[in-house]
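# Overview (structure and organization)
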Amino acid sequence: MRKIYIFDTTLRDGEQSPGVNLNTQEKVEIALQLEKLGVDRMEAGFPAASPGDLAAVNAVARAVKNASVVALSRSREQDIEAAREALQGAQDPTLHLFLASSPIHRKYKLRMEKHQVLETAEAAIRYAKKYFSRIEFSPEDAGRTEIDFLCEVVAMAIRAGATVVNIPDTVGYLSPYEYGNIFKTLKEKVPGIENIQLSAHCHDDLGLATANALAAILNGADQIEGTINGIGERAGNTAIEEVALALETRADFFQAKTGLVLTEIARTSRLVSKLTGMPVPGNKAIVGANAFAHESGIHQDGMLKEKTTYEIISPATIGLKDSKLVLGKHSGRHAFKEKLIDLGYELNDEKLNEAFAKFKNLADRKKDVSDEDIRALIEEKLIQTPEVFVLETIQVSYGNQSVPSAIVRIVKDGNRLEEAAIGNGSVDAIYKAIDKVTQEEVELQDYSIKSVSHGKDALGEVHVLLAQGDYSAQGRGISTDILEASAKAYLDAINRLIDKRSRGEKKRHGNMTLI
Ligand SMILES: CC(=O)SCCNC(=O)CCNC(=O)[C@H](O)C(C)(C)COP(=O)(O)OP(=O)(O)OC[C@H]1O[C@@H](n2cnc3c(N)ncnc32)[C@H](O)[C@@H]1OP(=O)(O)O
Ligand SMILES: CC(C)C(=O)C(=O)O
């Protein structure tokens, strides 16, 4: 199996993500984690960019023992000197020199002719060779460079002493077929190419960074450059975790592997996200929160029967505990029952069906149904008392300049009863309308509300305590809407009061309710 070297540039190209700025301590923390991950080379920064970056690269160079620390430099002596200073103390330093080679960059940015590009790059490599035994050279925007000129540039870099030649698709312009062909052509045409390593550096402007890196591997690339979570300039770089897992999962096809400690991937991803402040999208391959989460009933049923039906990678491979079955409106009974067992509930088929119907109802109104939501649903069911009054609908009118009003429709013995009322607030209006329907004279002694799950669509749980003469009862209501939860709690307490009264179950002692 061929070894593919991993050149991590999270601390350099990754840091070029707009809005990201890592201080020395943060760079060292990430570098040490990258070392645990087992990257072969790590680009720590661009020392000529600022004294702060020079110091940060130096701190990384001194901290890291098991990977080559790399510093980026333009093809200019002053940048090379800055990189030299920054890499002092490194066990195995690499200098990364670059100069653009494409017609657009030559004409507009560098204002150089082809021969000047060749001369400038050669002079820089030869100057650097006095100080560095490992030199990587990158013809920037190689992807849009005339192939014959690119061959000339690569041949020059090899003659001048580069040990790795990198082929950047700087603007993420190429298709995998075209990018792979560049490697094939260089291998066929450039003398001495077998004496150096060829590297791939791709950007994700067209969403092709990982595909292009894999195409490069299929056509002879020895090294892949990329970042954790795919962060980087504009749309980012090849995500290292994607390449590593593609090679691992499809070793049969690629016949190549990285030396990464794959179980460190999830931890590294979280650290990079935390310190760069760049959240990982939920649907991001390998490290996104949904990468091992299954929502639909048919998939969940398959997963419960045999995980490989819907998972090509085990979450343990990247250091995660387990896959997640996320309950939502597409879930089925198998997954729901499994979740209940996890949460400690064992219901018979009839109760399960009832709970499942309630769950589907909630899932229609709520994006994710959490464990707390399910507990709340089940417990509400288990402690339910006979329902004399059943809430059918409420309609509330509220404006900060008008008097709140509510209309409630309640079913009793199969008859629909409707009443309207105004109140000091929306809840007060609802409660007055309910009083009119139930004709029960009750005193609201306590009202509390709390959220039982997270997010804007969290379930709200309302508790009320009602008193009527010698009787008192608590009521509880749960809904994604707090007014509906309030109405349900109030009616629940009235139903319990009626139940207690019918059983002669008195009494309150002071503020204590006997249950
Ligand atoms: C594809 C990539 O990701 S390359 C890396 C990109 N990263 C960065 O640019 C981050 C760090 N950069 C910086 O801090 C600054 O750009 C610096 C310190 C390097 C240079 O700053 P300044 O001297 O103010 O120059 P500025 O950035 O405005 O312009 C770049 C100059 O470098 C030249 N240049 C660009 N690439 C190279 C190169 N590889 N080798 C030599 N010269 C180069 C440009 O032609 C321009 O030269 P000019 O001033 O003669 O026109
Ligand atoms: C410096 C080079 C490798 C680069 O980052 C690019 O071309 O994208």
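Every value quoted in this text rests on a predicted model; they were computed, and no experiment measured them.

## A short note on the domain arrangement of the chain
The figure often quoted for interface size is the accessible area lost as the parts come together. What the domain assignment reports for the chain is domain 1 (2-276), domain 2 (293-381) and domain 3 (390-503). The interface of domain 1 with domain 2 comprises seven residues on the first partner and seven residues on the second. Summed over both sides, the interface between domain 1 and domain 2 buries roughly 540 Å², with carbon and sulfur atoms accounting for 72% of that surface. Put simply, domain 1 and domain 2 have zero salt bridges between them. Scanning the region where domain 1 abuts domain 2 turns up two residue pairs in polar contact (both at pLDDT 80 or more). For the side of domain 1 that touches domain 2, the elements supplying multiple residues, two or more each, are α9 (240-249) and α11 (265-276). In terms of residue count, the dominant contributor to the side of domain 1 that touches domain 2 is α11 (three residues). Taken together, the residues that form the side of domain 1 that touches domain 2 break down as four nonpolar, two polar and one charged.

## Section: the nonpolar core
Judged by nonpolar contacts, the single largest core of 95 residues is most densely connected at Ile167 and Leu186. With 10 residues, helix α6 (residues 147-160) is the largest single contributor of residues to this core. Discounting chain neighbours no more than four positions away, the residues touching Leu186 are Leu150, Cys151, Val154, Ile167, Ile193 and Leu198. Residues Ala406, Ala421, Ala433 and Val464 belong to the second largest nonpolar core, which totals 26 residues.

## Thoughts on the pattern of salt bridges
Counted under the stated rule, the structure contains 28 salt bridges. Between Glu43 and Arg12 there is a salt bridge, with its nearest N and O atoms 2.9 Å apart. With Glu43 in strand β2 (residues 41-45) and Arg12 in the loop between β1 (2-8) and α1 (24-37), this residue pair connects regions lying 31 residues apart in the sequence. Judged by relative accessible area, which is 10%, Arg12 ranks as buried. Residue Glu392 is joined to Arg409 by a salt bridge in which the shortest nitrogen-to-oxygen separation is 3.3 Å. Separated by 17 residues along the polypeptide, Glu392 in strand β12 (residues 389-397) and Arg409 in strand β13 (residues 405-412) bring together distant segments of the chain. Here Arg409 falls in the partly exposed class, since its relative accessible area comes to 28%. A network of salt bridges, in which partner residues are shared, links Glu392, Arg409, Arg416 and Glu418.

The rules behind these values
- Residues numbered from 1 in each chain as written.
- Chains lettered and ligands numbered in written order.
- Predicted model: local features only at pLDDT ≥ 70, side-chain atom pairs only at ≥ 80, totals over all residues.
- Heavy atoms only, no water.
- Domains from an automatic or database assignment.
- Contact = heavy atoms within 4.5 Å.
- Buried area = accessible area lost by both parts, 1.4 Å probe.
- Salt bridge = Lys/Arg side-chain N within 4 Å of Asp/Glu carboxyl O.
- Polar contact = N/O pair within 3.5 Å; in protein donor to acceptor, adjacent residues only side chain to side chain.
- Helix = DSSP H or I, 4+ residues; strand = E, 2+ residues; numbered from the N terminus.
- Nonpolar A, V, L, I, M, F, W, Y, C, P; charged D, E, K, R; others polar.
- Core = buried A, V, L, I, M, F, W, Y, C linked by side-chain atoms within 4.5 Å.
- Buried < 20%, exposed > 50% of the residue type's maximum accessible area, 1.4 Å probe, protein only.

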